[in-house]
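Descriptive analysis of the structure
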Amino acid sequence: MKLNPLQNDRAAGVLVALAAGDALGAGYEFGPPLPDGADVIMKGGGPFGFAPAEWTDDTSMAVPIAQALLTSASGDGSSSPAALTMVVRAWTSWATEAKDVGAQTSSVIAAARRLAAAAGRSKVHAADFSAAAADFHARTGRSAGNGSLMRTAPLALAYLDREPGELMAAAGVMSALTHADPDAQEACGLWCVAIRNAVLTGRLDFRAGLTLLPAERASVWLERIETAERSRPRDFTRNGWVVEAFQGAWSAIHYAGLSASGPARLRAALEEAVRGGRDTDTVAAIAGGLVGAAYGYTAVPFEWRRRLHGWPCMRTRDLMTLGMELGRGEGRRSTSWPRAGRHDYSMWSRTDALVQHPHDDGVWLGGVGSLGRVAELGIDAVVSLCRLGTLDVPAVAAEDHATFWVVDSHVVGDNAHAGFVLREAAAAVERFRSEGKTVLLHCVRAESRTPTVAALYGASVAGVSPLEALEDVRRVLPNARPNRLFMQVLAEAVTTTDPAAGGATRAGAQ
Ligand SMILES: [Mg+2]
């Protein structure tokens, strides 16, 4: 469906924040709860030895859902049997090389392969999975692990333009490929409906989804939700169970919302989820899918996006692209951003500006035309404030290319979190400089976005106000004219300056 810029941002945020929560929790999996305020970082390690910022099974199982639905979205509808078969084949292939396959999922995959082999087929079908999962449930009576809720988020993006009831039903079917227990199916349905609602409206609301359940089940889930809202993630000691994983994730989001909003709430929620302990990556991944839907891609901190990676050889940009394309429902669009190789700026004039920052000659300020001079100038880190094609990305290491979504516009509704994103971009410049790198900070013409971020950075390093720093930037970039909204961001950074906090930019970032 046609998404407005904020809905687009939120669709793009679902998989990125899911993966960020997953990678954040990976290093703490099966550990005890952590005290309030304890640092939570993408340190990697944990029981399965993940690399720092590497995601785990939660994201690796969510990606095939997104890919299959994206393929079917341009064909015969959303979660068709053909799409489900694509999903289970990708899971089967992933499981042969994965570091961590959940016990229930692993058992169902093995049983499904046996069913396929018995039928003389070399490849599994979705029906093999659902039969194996139903059998697992019938034999054990316990198939309500959290393994279907952790991966379910992308399904919601394929149902933005459909009735929530259809999504609820499809989520149950997707869950039952491995997790047939009604608790698992209902948890996936409620979570997906909340994600759909969040992408469309920006609001977090579970209660709307409850009306789609039979009254008796709705009251069970309402009580579970209310318990979560009176609790902290650490209170849910059995969070390998789908119900407590659901409650842990919702309590993290709810608790974070008591003291934070916007991007700060997204961050606080995922840190709170991890501090809850035990199945940290999964609870944070579940929470991430929903807060990403509510606050968007632009709310995910750069330090989390920077090195995020995992199976199948993907990085943040790939997840952003998948989420956005799934939300649009037009399949893969290889000729438009963000999948296109080149983003065409040929109709723009004056894109070749390139000057050194007045406060730091290790920072170059430029237009998009300056990307061609990266190698010549010895630039080894790039901060991009405009859209680029996949081949326009300069020849620096992927983790040293910071990209920010910020539209040069003062119109409400064009940027979800303009101030946050501009400050994040300035912090990225500062981070690269602290690593000894020479930085190019650029947008299209270096007239609005680049001078704004350059002023925030300059204020921090020169100890002047951002508006004073902007005057210095204007001496080297005479065409610098930040739009009204960006000027307001600079002015507010001045008014919130606290010298004790170490500089205008940092103080403004609170
Ligand atoms: Mg995991």
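Just so we're clear, the structure is a prediction, and the values are computed from it rather than from any experiment.

Glancing now at the overall build of the chain. Check the secondary structure of the chain and you find 20 helices and 7 strands. Taken over the C-alpha trace, the chain has a radius of gyration of 23 Å; the compact-globule value for 510 residues is 24 Å, and the two agree within 12%. Here the C-alpha coordinates of the chain stretch approximately 75 × 45 × 40 Å along the principal axes. Counting every position in the chain, which comprises 510 residues, the buried fraction comes to 59%. Long-range pairs, those at least 24 residues apart, make up 70% of the contacts in the chain between residues at least 6 apart in sequence.

Binding of the magnesium ion to the protein goes through Thr56 (OG1), Asp57 (OD), Asp58 (OD) and Asp281 (OD), at separations of 2.0 to 2.3 Å. Written as a sequence motif, the donor arrangement for the magnesium ion is T-D-D-x222-D.

What follows deals with empty space enclosed by the protein. Tallied over the full model, the rule gives 2 cavities of 30 Å³ or more. When its volume is computed, the largest cavity comes out at roughly 50 Å³. Looking at the largest cavity, the residues that line it are Tyr297, Thr298, Val300, Phe302, Arg305, Thr403, Phe404, Trp405, Phe420, Val421 and Glu424. Within the residue set of the lining of the largest cavity, elements represented by two or more residues are helix H14 (302-305) and helix H16 (418-434). At 3 residues, H16 tops the list of elements feeding residues into the lining of the largest cavity. Of the residues that constitute the lining of the largest cavity, the class distribution is 7 nonpolar, 2 polar and 2 charged. Of the pockets and cavities examined, the second largest cavity occupies roughly 30 Å³. Grouping the amino acids of the lining of the second largest cavity by side-chain chemistry returns 4 nonpolar, 4 polar and 1 charged.

The biggest cluster of nonpolar side chains holds 117 residues, and the ones touching the most others in it are Phe129, Leu155, Trp191, Ile195, Phe246, Leu266 and Leu290. Core analysis: the next-biggest nonpolar cluster, separate from the first, contains 37 residues, Val383, Leu456, Phe486 and Ala493 among them.

Let's shift gears to unusual backbone geometry. Generally, phi is negative for residues other than glycine and the peptide bonds are trans, each holding for most cases. The omega torsion across tryptophan 311 and proline 312 is 0 degrees, close enough to zero to call that bond cis. In this fold, proline 312 is placed in the loop between strand E1 (309-310) and strand E2 (314-315). A cis amide bond links tryptophan 337 with the next residue in sequence, proline 338, at an omega value of 5 degrees. Look at alanine 53: it is not a glycine, yet its phi comes out positive at around 70 degrees. With respect to the element layout, alanine 53 can be found in the loop between helix H1 (5-26) and helix H2 (57-73).

Along the chain, glycine 378 falls in the loop between strand E4 (360-366) and strand E5 (381-384). C-alpha separation for the pair glycine 378 and proline 182, spaced 196 residues apart in sequence, amounts to 58 Å.

Attention now moves to the state of the cysteines. One way to say it: the disulfide is the covalent bond shared by the sulfur atoms of two cysteines. All told, the structure shown has 0 disulfides when counted by the stated rule. Between cysteine 188, a free cysteine, and cysteine 192, which holds the nearest cysteine sulfur, the sulfur-to-sulfur gap is 6.4 Å. For cysteine 192, a relative accessible area of 0% puts it in the buried group.

Quick look at the confidence of the model for the chain now. Residues at a pLDDT of 70 or more form 95% of the chain, whose mean pLDDT is 94. Residue range residues 496-510 is modelled with pLDDT below 50. Its contacts to residues more than four positions away, or to other chains, number 23 contacts.

The end-to-end C-alpha separation of helix H12 (residues 262-275) is 20 Å, in line with the 20 Å expected for 14 residues at 1.5 Å each. With 11 of 14 residues buried, H12 lies mostly within the body of the structure. Every buried residue of H12 is listed here: Gly262, Pro263, Arg265, Leu266, Ala269, Leu270, Glu271, Glu272, Ala273, Val274 and Arg275.

Parameters at a glance
Going along each chain's sequence as written, the residues are numbered from 1 onward. Confidence filtering applies because this is a predicted model: local features only for residues at pLDDT of at least 70, side-chain atom pairs given and counted only at 80 or more, and all residues used for totals across whole chains, interfaces and linings. Calculated side-chain values reflect all of the structure's heavy atoms, with hydrogen atoms and water omitted. Strands are runs of DSSP state E lasting at least two residues, helices are runs of H or I lasting at least four, and both sets are numbered from the N terminus onward. Our radius of gyration looks at C-alpha atoms and nothing else; its globule reference is 2.2 Å times the residue count to the power 0.38. Exposure is judged per residue with a 1.4 Å probe applied to protein chains only, and the accessible area is read against the type maximum: over 50% gives exposed, under 20% gives buried, and values in between give partly exposed. Every residue pair with non-hydrogen atoms within 4.5 Å of one another is taken to be in contact. Distances define the donors: N, O and S atoms within 2.8 Å of the metal qualify, as do those within 3.2 Å of Na, K or Ca. Water is excluded, so some sites may look unfinished. Cavities and pockets are defined on a 1 Å grid built over the protein atoms alone: a cavity is a set of grid points where a 1.4 Å probe fits but cannot escape, while a pocket is an open set with protein on both sides within 12 Å along at least five of seven lines, and lining residues are those with an atom within 4 Å of any such point. Grid points are joined across faces, edges and corners, and a volume is the space filled by probe spheres set on the points. Residues are grouped as follows: nonpolar covers Ala, Val, Leu, Ile, Met, Phe, Trp, Tyr, Cys and Pro; charged covers Asp, Glu, Lys and Arg; every other residue, Gly included, is treated as polar. Take the buried residues of types Ala, Val, Leu, Ile, Met, Phe, Trp, Tyr and Cys, join any two whose side-chain atoms come within 4.5 Å, and each joined set is a nonpolar core. Any two cysteine sulfur atoms lying within 2.5 Å of each other are counted as a disulfide. Per-residue confidence from the predictor is given as pLDDT, running between 0 and 100. Expected span, for any helix, means 1.5 Å times one less than how many residues it has.

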